[in-house]
Amino acid sequence: LLPIVFVFAQPISPDNTQQAKSLILSERELARTNPNLTPAQRALVLMRYGCYGEAAEWLKAAPSERLSQLAQTEWYYRHNRWQEAEALIAQLLLESPQDREGLIWRTKLAIQAWQLPQAVQWANRLAEQDEWRWILLGRIALLQKQYGKAHEHAQKAQSLNNAN
């Protein structure tokens, strides 16, 4: 959700696991040493590579701000600590009701709790042209076994994603 990208994006043969491992290790090391990353950014990247213990330490050092709340939410989510994640997102949305990432997380948490009607309401608060609105609505439709609707949502998300 948050744009933290390194320069290693390049095609790798699916059979070249050594090259893939090397790039992953290089990027993880860059996440550990890059002086331009804030503690919250560093935590997010480290979580992407499975370094949850290190991420937790960086989150302790992170100032209390929006990005830190989002990173902490992701940490809680990945550790099945749903109530703590929900509390952080509720606080974030109280301060900024239209926060895009906050709405995405609130929707994901409602899906995780199988509160699908509420998840639809949260997803529909995202902008009509936001691909994540349609991705989340598609996931909900799949869980409701509304496969045609899920397919329509997936097509809408694809049409909005310039990378496709």
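Residues numbered from 1 in each chain as written. Predicted model: local features only at pLDDT ≥ 70, side-chain atom pairs only at ≥ 80, totals over all residues. Heavy atoms only, no water.

(A) Just the nonpolar core, in detail. Counting residues in each nonpolar core, the largest one holds 39 residues, and the members touching the most others are A55, W75, I89, L136 and I140. Those residues in contact with L136, other than ones at most four positions away along the chain, are I104, T107, K108, I111, A123 and L126. (Core = buried A, V, L, I, M, F, W, Y, C linked by side-chain atoms within 4.5 Å. Buried < 20%, exposed > 50% of the residue type's maximum accessible area, 1.4 Å probe, protein only. Contact = heavy atoms within 4.5 Å.)

(B) Molecular detail of the confidence of the model for the protein chain. Within the protein chain, residue pLDDT values average 90, and 92% of them lie at 70 or more. Between residues 1–5, whose pLDDT stays under 50, and residues either more than four places distant or in other chains, the model counts 14 contacts. (pLDDT = per-residue confidence, 0-100.)

(C) Quick peek at the side chain of Q69. Assignment of secondary structure puts Q69 in helix α4 (residues 66–78). Taking the relative accessible area as the measure of exposure, Q69 reaches 10% and is therefore buried. Once residues within four sequence positions are removed from consideration, Q69 is found in contact with L88, Q91, L92 and E95. (Helix = DSSP H or I, 4+ residues; strand = E, 2+ residues; numbered from the N terminus.)

(D) Highlighting unusual backbone geometry. In this structure, W114 is a non-glycine residue whose phi angle is positive, near 60 degrees. Inspection of the secondary structure puts W114 in the loop between α6 (100–112) and α7 (116–123). Exposure remark for W114: the relative accessible area of 55% places this residue in the exposed category. Notably, K145 is not glycine yet its phi reads approximately 60 degrees, a positive angle. Assignment of secondary structure puts K145 in the loop between α8 (131–143) and α9 (147–160).

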